[in-house]
Amino acid sequence: MDFLQKIMKPMLEGTAVSLEIFFLTLLFAIPLGMVVAFGRMSKNRFVSKPVRAYQLIMRGTPLLLQLMIVFYAPYYIVGRTFDRFASAIIAFVINYAAYFAEIFRAGIESIPQGQYEAAKVLGYSKSKTFFRIIVPQVVKRILPPMGNETMTLVKDTALAQTIAVMELFRVATNASSRAFSTIPLLVAGLIYFILNYLVEKCYIKAEKKLDYYK
Amino acid sequence: MPVIEAKSVYKSFDGITVLKDVSLNVNEGEVVAIIGPSGSGKSTLLRCLNQLINIDSGSINVCSMSMVNTDEKGTCKYADKASLHKIQLKTGLVFQNFHLFPHFSVLKNITDAPMQILKMTKQEAQNKAYELLEKMNLSDKANAYPYQLSGGQAQRVSIARALALSPAVLFFDEPTSALDPELTVEILRVIKNLAKEKMTMVVVTHEMSFARDVADRVVFMDNGTVIEEGAAEKIFTNPSSERIKQFLQHFSV
C-alpha cells in the first residue's frame, strides 16, 4: 500500500503529461488533417502529389523514428536541439494529421454527388454547401474510424519517452526498475485502459447524438 | 413571355457529343414534356439549364437574363457569378432520386434554403413551408426525417423544397423513375395540380400517358438532338418522324 502511495503521485503527473500530448495533438492534427485531405483531393497534381508523398512517409515509417528525427535533426542542421515536449507535439501532429486526412477524405468522398447538386440548384454557395450540408454528414460517418485513431493516440503517447519526455509510461518504467517490481507497469496499463474507456464513451455518446437520422 | 430560351446548345463529354444543336423555348405557364430513349440527352439538357453542367457552345436565357452566350467567333461565355446565382434561383430542379438532405427534418429541408439564401425570417419560411406541405398532403410529416419517408413522400418533399424558393420554372428529371406505379400516380397528380396553377414546368419523363395528358407541348429527343416537337396530341397521334413512331410503339397510350 505504502509503495502504491509513493508511486501514485509521479504516475499521475506522468498521466497529466500524456494527456497534454493527447489533447494538443488532437487540437492541431484535426485542422491540419482537413488541410491535408483537401490537398490530397486537389485536382492540381503539383498539390496532390507532394501531399501524397508526405502521407506516405508519415504512414510508412515508425512514429518512433519520426519523434527522434524531429528532436535530433535540428542539432545536425542548426547545431542545437529544441524543447523535448514541443518536438514530441510536432511529431505527433504531423504523423496523426496524415492519418486523419485519410479518414476525412474517405468521409467527404462518401457523400453522394446528388447532395452537392441539390444544394447547388437551391442556390447554396460552395462554402455553405460544405459547412451546412456536407460536413454534418461527414462527421456522422467518420466517428467510428476517428474513435479508432483517437484510442490509438492515447497509447501512442507512450512513444514520447524515446526523446525523454516524462509521460506516464516513462515514469512507470523508471519506478518499475527502481523497485524491481512490475506493479507500476500494470498501474500504467490500467490508467491507459481507463482513459480509453472514457474516449470510447465519448464516441458512443456522439454517435447516439447523431443517431436521429440515417 | 419566354421563361427559357435555349439556342443551338452543344455539349460533349470526352469527345462524345451528347447535345447537338438543341434549341428549346418554354413560355410562361407552359408545361413541356421531354421524351425519348435513354441516353438521348434529355437529362443532360436539364442539367445544362440548371447550371449543373457547362455547355460547350450556344446560348441560354432564363427570364430574359443571359446565362450563357456564344459570340460569332465561337467563344462561349457565361455571365458573372452574381447573375448566375440570380438565374439559379429562377430555376428549380426535382431529381429522380430526390436528394433530400438526410440530416435535416422535412421542415428544415424546405426552410433552410429560403432562410440561408433568400434571407427570409424563420417565421416567413416556416409559414411558406407549412403551406407547401399542406398542398403536398404532408402536413403530418413536418418533423419527420427523410429516412422515415416513402419514396413518394420524399419526392413530394423535394418538390416542396424546390417550390419554397418560388422559382419561375420547375424542372423534373424523371421524377417517377425510382417509384412504383402507385407512388408514380401520387407524384403525377402533384405535377398535374401544379399545372392547373399555371406553374411553368419542364418534365423529362418516360410516362407517356402523363406526357400526353398534362403537357402542352412534347419534345422528342434522340441521339442528342430534338427530332420533333409540337402539341402533345400531334406527337402522340400523328408524328412526322419514323423514329417517334418506332419509339412510341412500345407504349400503349
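Up top you'll find the structure we're talking about.
A quick note: this is a predicted structure, and the numbers were derived from the prediction, not measured.

**Considerations on the pattern of salt bridges**
Reasoning step 1: For the structure shown, the criterion picks out 14 salt bridges over all chains.
Reasoning step 2: Put simply, A:Arg40 and A:Glu102 hold a salt bridge, and the shortest N to O gap is 3.3 Å. Residue A:Arg40 is located in helix α1 (residues 2–41), and its partner A:Glu102 is located in helix α4 (residues 84–109); the two are separated by 62 residues in the primary sequence.
Reasoning step 3: Look at A:Glu102 and you get buried, because its relative accessible area is 17%.
Reasoning step 4: In this structure, the salt-bridge partner of B:Glu229 is B:Arg217, at a minimum N-O distance of 2.3 Å. In this pair, B:Glu229 sits in strand β11 (residues 225–231) while B:Arg217 sits in strand β10 (residues 217–222), placing the two residues 12 residues apart along the sequence.
Reasoning step 5: The exposure class of B:Arg217 is buried, given its relative accessible area of 14%.
Reasoning step 6: Through salt bridges that share partners, A:Arg40, A:Glu102, A:Arg105 and A:Glu109 make up one connected network.

**A short note on the sheet that holds strand β9 (residues 201–204) of chain B**
All names here are of chain B.
Reasoning step 1: Within the open sheet, the six strands sit side by side as β7-β8-β9-β3-β10-β11. Their pairing is mixed. A strand with exactly one partner marks an edge of an open sheet, and here the two such strands are β7 (91–94) and β11. On average, adjacent strands in this sheet sit at an angle of 15° to one another, irrespective of strand direction.
Reasoning step 2: Here β10 pairs with β11 via six bridges, running antiparallel. Paired with Val219 across the two strands is Glu229, which belongs to β11.
Reasoning step 3: Helix α6 (residues 181–196) rests against β3 (31–35), β8 (169–173) and β9 of the sheet, and its axis sits at about 155° to β9.

**A look at the interface of chain A and chain B**
Reasoning step 1: Chain A puts 18 residues into the contact, and the matching count from chain B is 27 residues.
Reasoning step 2: With both chains or domains summed, chain A and chain B bury close to 2,100 Å², and 59% of this area falls on carbon and sulfur atoms.
Reasoning step 3: For chain A, the biggest contributors to the area lost against chain B are A:Val121, A:Leu122 and A:Arg132; these three give 30% of the whole.
Reasoning step 4: There are two salt bridges connecting chain A and chain B.
Reasoning step 5: Inspection of the region where chain A meets chain B yields eight residue pairs in polar contact (both at pLDDT 80 or more).
Reasoning step 6: Going through the elements one at a time, α5 (113–121) and α6 (126–156) of chain A are the ones with two or more residues in the side of chain A that touches chain B.

About the thresholds
- Residues numbered from 1 in each chain as written.
- Chains lettered and ligands numbered in written order.
- Predicted model: local features only at pLDDT ≥ 70, side-chain atom pairs only at ≥ 80, totals over all residues.
- Heavy atoms only, no water.
- Salt bridge = Lys/Arg side-chain N within 4 Å of Asp/Glu carboxyl O.
- Helix = DSSP H or I, 4+ residues; strand = E, 2+ residues; numbered from the N terminus.
- Buried < 20%, exposed > 50% of the residue type's maximum accessible area, 1.4 Å probe, protein only.
- Pairing = 2+ DSSP bridges.
- Axes fitted to C-alpha atoms, helices over the stretch in contact; angles between N-to-C directions.
- Contact = heavy atoms within 4.5 Å.
- Buried area = accessible area lost by both parts, 1.4 Å probe.
- Polar contact = N/O pair within 3.5 Å; in protein donor to acceptor, adjacent residues only side chain to side chain.

These results come straight from atomic positions and should not be treated as a statement about function.
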